Each structure stands twice: as structure tokens, then as C-alpha cells.
Amino acid sequence: MAGDMSRAPIRSVRARAFTIPTDAPESDGTLEWRETTLVLAEIEAGGMRGLGYTYSDASAGKLIEDKLAEALRGEDALDIRARWTAMRDRTRNLGQTGLAATAISAVDNALWDLKGKLLGLPVAALVGRARREIRAYGSGGFTSYDDARLAAQLGGWAEQGCFAVKMKVGRKPGEDRRRMRVAREAIGAGTGLFIDANGAFDRKSALAFAEAAGGFCARWFEEPVSSNDLAGLRLLRDRAPAGMAITTGEYAFAPWTFRDLLGAGAVDVLQADATRCLGITGFLDAAALALAHEVPLSAHCAPALHLHACLAAPAAAHLEWFHDHVRIEAMLFDGAPRLAAGLLRDNGEPGLGLAPKEAELARFAV
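Report on the accompanying structure.

What counts as what
- Residues numbered from 1 in each chain as written.
- Predicted model: local features only at pLDDT ≥ 70, side-chain atom pairs only at ≥ 80, totals over all residues.
- Heavy atoms only, no water.
- Helix = DSSP H or I, 4+ residues; strand = E, 2+ residues; numbered from the N terminus.
- Rg over C-alpha atoms; globule rule 2.2 N^0.38 Å.
- Buried < 20%, exposed > 50% of the residue type's maximum accessible area, 1.4 Å probe, protein only.
- Contact = heavy atoms within 4.5 Å.
- Lys, Arg positive; Asp, Glu negative; His and termini not counted.
- Charge placed at Lys NZ, Arg CZ, Asp CG, Glu CD.
- Expected span 1.5 Å × (residues − 1).
- Polar contact = N/O pair within 3.5 Å; in protein donor to acceptor, adjacent residues only side chain to side chain.
- Disulfide = S-S within 2.5 Å.
- Axes fitted to C-alpha atoms, helices over the stretch in contact; angles between N-to-C directions.
- Parallel < 35°, antiparallel > 145°, perpendicular 65-115°, else oblique.
- Left-handed = near helix turned anticlockwise from the far one by under 90°.
- Nonpolar A, V, L, I, M, F, W, Y, C, P; charged D, E, K, R; others polar.
- Phe/Tyr/Trp six-rings, centres within 6.5 Å; stacked < 30°, edge-to-face > 60°.
- Lys NZ or Arg CZ within 6 Å of the ring centre and 35° of its normal.
- Pairing = 2+ DSSP bridges.
- Right-handed = clockwise from strand over helix to strand, strands pointing away.
- 1 Å grid on protein atoms, 1.4 Å probe; cavity = no way out; pocket = protein on both sides within 12 Å on 5 of 7 lines; lining within 4 Å.
- Points joined across faces, edges and corners; volume = space filled by probe spheres on them.
- Salt bridge = Lys/Arg side-chain N within 4 Å of Asp/Glu carboxyl O.

### Structural notes on the overall build of the protein
Part 1 of the reasoning: A tally of helices and strands in the protein yields 13 helices and 14 strands.
Part 2 of the reasoning: Here the C-alpha radius of gyration of the protein, 20 Å, is about what a compact globule of 366 residues would show, namely 21 Å.
Part 3 of the reasoning: Considered along the principal axes of its C-alpha atoms, the protein spans approximately 60 × 40 × 35 Å.
Part 4 of the reasoning: The burial tally for the protein puts 59% of its 366 residues in the buried class.
Part 5 of the reasoning: Restricting the contact set of the protein to residue pairs at least 6 apart, pairs at least 24 apart contribute 72%.
Part 6 of the reasoning: The protein carries 43 positive and 46 negative side-chain charges, and their two centres are separated by 1 Å.

Right, here's the structure in full:
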């Protein structure tokens, strides 16, 4: 243990941004990209430094240092919920979703890492473990990939023991039947096939696509329509082929969005992203809502960050082993988790168990 801690005043709050090129052009049903920006928050208290991050715009770093730091300096780092509330209050007039939510998320994640280090406990143990390991599904399959790369990536995850793999669809729907056939042949009959349209379809087109995807035993249809279309999601949930889960939640920035998704009966599986939904604190709130509604929870992207929260959340069923973020987190942090037979465990180190690789970070600094 790091010693008896009754109070740990926050001494400093720092933010840095890093932009990392993708290893190939990438696209999904509604977006194309060639780089990813990670904003790293670092907080010092009690002789320790906590780190947390978000995938956002570099401007989130300025928001952290200029606005959120005012609500944190001198305050007790151990009282995470109080700090979380203060940051939300400080951003009231900016809007508590979008960019502000990602900035709060990075800081909240850093506070959890810091508290774990101060108390000498992994975050999963700090919250209270529900399990020792959790399943991961391989995720990528971008619409920009040719058939050979699609098959190699998805088939590789199946060989590593992932219970399921996910591919992007919806950019050119006329080509997706062939692409799903390539995917199914690559992963075999025993691995689940997940698809993600990123809101590319209208309701009727999504229904037709769900029927086609059912022919390839697709078990998961993520954002078949816009995540804002609760009635459309409920329609898909009611009418999609048996055994196909309708999912969304990655764009939920605040507790009330999760409440509305669950209240509308819009999802079979709720997704949450601690780099957007007000950090691990917000993720655990979403997990509690999912548990109350008896709906499974899945973490969206950022596996190194989500591992501890998923080990602690009773409703968590699995997390996303997302190609971009797996690559970035292994590049930038020592201690990033490694997939073993399709499962993830924490490394037992205090906090999130991550240490920045400063030489690598310097290469990508904004």
C-alpha cells in the first residue's frame, strides 16, 4: 500500500495531445479518417501522478488546463465523485456533452488512476471486482479494406480466440453481402460475426440489411440507424432476425442518454465509452442503469482504459478490442493489456496499470 491517505490535495493538472496516423486509410458507413488524436490528462497529488485519456480533439486539452483545472487545484483527489460533479458544474454554460464531456472523461479517468496509485490498488480492485477476466471481440473490418485485408484481420482475431469479430458496413451496401461472405469464410462457423453501420441506414433499409446479414449469422447490428432515432432502434430490435442484438451507446455523453435508450427499449446490449461518457465514473453509472434494466453492457473501444471498469461492472459482458486503439495504446503505454485466448486480465499494477512511453509520445505531440 502507498500508506495511509486521508486527504490528497491536487497540486497540478496537465493536458497533452498526440495525433497518431492510422496504419492505412480507414472508413466506416459514415466517416473516413487517416489519424486519431489522444488527449492525455495528468494529475499530481500525494506524491503520485495519475493519467487518463480520451480520444477527442486536441482542443480538449486546453479546456482541461483552462477550465477544469480551476475546479480541481487544491481539492481532494480521493473524492472522485465530488471532483466529477465540480467539473460538470464548471462546464454548465458550455454544454455538458460533446467536447466538454470528453475533457471531463480524461480527467476523471486520471483521478481513478491516481487514487489507485495512492492506495496501492488496481482500479478494478478499488471499485470491487465482479470478475477476474473478460471476453474481448476483435473490431475493425473497415469499409476501406480490400477483401484480403478484411479476411486476414478478422480471421486473425478468430485464431487468437476472440468469441466474435466486428466489421463496418453501410458505405456501399451493394458490396456488403460479398464482404460479409468473405468475413464468414475467414472466421469459420464457430466465431460470432458483428456488424456496425454507424447510423448509415434509414429504418426500412436497415431492416432489409438486417435480413441479408442474418443469412451470414450476424449476431450483432450496431447503430443500424442513427443513435438519436430511438423509435427506429426499437423497430429494428422488434423486427430484426432472431438472435441478432441491436446495440448503440457509444455517442452517449451523459447519464440521461443511457436512461433514454434503456427506457425506450431501444437496445439489446448497451454500449458505453469512458472516453466520452464522463469517464469511468460515468461508465459505472451507465453500468448501474444497464444492471437495473437487465440489459448487458459492452465497452466501446479504448480497451486499456475500459478493462478495469469492465472487470468491476456486473452488467459488463465483453469489451471491444478495436484495431486503432489497441495499436495506439501499445505504442504509447507500457502495461497495455494483451489478448490471451480471447480474454483480458489486468496486470495487477496500481491504478490503470499504464505508464507513458515518453519517447513515443514525443513523436506524435501536437
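### Digging into helix 7 (residues 203-214)
Part 1 of the reasoning: If you check helix 7, its first and last C-alpha atoms are 16 Å apart, about what 12 residues at 1.5 Å a residue would give, namely 16 Å.
Part 2 of the reasoning: What helix 7 keeps buried is the set A206, L207, F209, A210, A212 and A213.
Part 3 of the reasoning: Turning to helix 7, the residues buried within the fold contact helix 6 (173-187), strand 6 (192-196), strand 7 (218-222) and helix 8 (230-239).
Part 4 of the reasoning: Its side-chain oxygen placed 3.4 Å from the backbone nitrogen of K204, D202 serves as the N-cap of helix 7.

### A word on the state of the cysteines
Should the sulfur atoms of two cysteines be covalently bonded, the bond is a disulfide.
Part 1 of the reasoning: According to the stated counting rule, one finds zero disulfides in the structure shown.
Part 2 of the reasoning: Here C277 is not cross-linked by a disulfide; its sulfur's nearest cysteine counterpart is in C310, at 11 Å.
Part 3 of the reasoning: Residue C310 is classed as buried on the basis of its relative accessible area, which comes to 0%.

### A few points about the packing of helix 9 (residues 255-263) against helix 10 (residues 279-292)
Part 1 of the reasoning: Close contact between helix 9 and helix 10 brings their axes to 9 Å; oriented N to C, the two are set at 20°. Regarding the angle of helix 9 to helix 10, the classification is roughly parallel. The handedness of the crossing between helix 9 and helix 10 is right-handed. Taking contact as the criterion, the partners of P255, F258, R259 and L262 in helix 9 are, on helix 10, A286, L289 and A290.
Part 2 of the reasoning: Among the residues forming the contact of helix 9 with helix 10, the class breakdown is six nonpolar, no polar and one charged.

### Focus: the packing of aromatic side chains
Part 1 of the reasoning: Throughout the structure, instances matching the rule amount to 12 aromatic pairs.
Part 2 of the reasoning: Relative to F333, the ring of Y53 lies with its centre 5.3 Å away and its plane at 20°, an arrangement referred to as stacked. With Y53 in strand 3 (residues 48-55) and F333 in strand 12 (residues 333-334), this pair connects stretches of sequence that are 280 residues apart.
Part 3 of the reasoning: The exposure class assigned to Y53 is buried, which follows from its relative accessible area of 0%.
Part 4 of the reasoning: Pairwise contacts between aromatic rings join W33, F142, Y145 and F322 into one cluster.
Part 5 of the reasoning: Taking NZ or CZ as reference, R81 lies 4.7 Å from the ring centre of W84, over its face.
Part 6 of the reasoning: For R135, the ring lying beneath its charged end belongs to F163, and the centroid distance is 3.9 Å.

### A look at the sheet that holds strand 2 (residues 32-45)
Within a beta sheet, neighbouring strands are joined by backbone hydrogen bonds and run either parallel or antiparallel to one another.
Part 1 of the reasoning: Taken in spatial order, the three strands make up an open sheet running 1-2-3, and their pairing is antiparallel. Single-partner strands in this sheet number two, and they are strand 1 (10-27) and strand 3. Ignoring strand direction, the axes of neighbouring strands in this sheet form an average angle of 20°.
Part 2 of the reasoning: When strand 1 meets strand 2, the two strands line up antiparallel, connected through 13 bridges. In the strand pairing of strand 2, F18 is matched with L38.
Part 3 of the reasoning: Across the face of the sheet, helix 1 (residues 59-68) comes into contact with strand 1 and strand 2 while running at roughly 170° to strand 1.

### Re the pairing of strand 8 (residues 245-248)
Part 1 of the reasoning: In strand 8, alternate side chains face the same way, and those of A245 and T247 on one face and I246 and T248 on the other are all buried.
Part 2 of the reasoning: Across three bridges, strand 7 lies against strand 8 in parallel orientation. By the bridge assignment, E222 is partnered in strand 8 with T247.
Part 3 of the reasoning: Regarding the hand of the β-α-β motif, the stretch spanning strand 7, helix 8 and strand 8 is right-handed.
Part 4 of the reasoning: In the sheet, strand 8 pairs with strand 9 (residues 269-272) via two bridges, with the strands oriented parallel. Residue pairing across strands places T247 opposite V269, the latter belonging to strand 9.

### Digging into the layout of surface pockets
Gaps between atoms show up when a probe of the same size as a water molecule is rolled over them.
Part 1 of the reasoning: Looking at the largest pocket, its volume works out to about 480 Å³.
Part 2 of the reasoning: Elements supplying a minimum of two residues to the lining of the largest pocket: strand 2 and helix 12 (323-332).
Part 3 of the reasoning: When residues of the lining of the largest pocket are assigned to their parent elements, the largest contribution, four residues, is made by strand 2.
Part 4 of the reasoning: For the lining of the largest pocket, the per-class residue count stands at six nonpolar, eight polar and eight charged.

### Brief notes about the side chain of D324
Part 1 of the reasoning: Within the fold, D324 resides in helix 12.
Part 2 of the reasoning: Buried charge without a salt bridge: D324, with R327 as the nearest opposite-charge side chain at an N-O distance of 5.9 Å.

### With respect to the pattern of salt bridges
Part 1 of the reasoning: Tallied over the entire structure, the rule returns 26 salt bridges.
Part 2 of the reasoning: D23 is the salt-bridge partner of R149, the closest N and O atoms lying 3.4 Å from each other. With R149 in helix 5 (residues 147-159) and D23 in strand 1, the pair connects residues that are 126 residues apart, well separated along the chain.
Part 3 of the reasoning: Exposure remark for D23: the relative accessible area of 35% places this residue in the partly exposed category.

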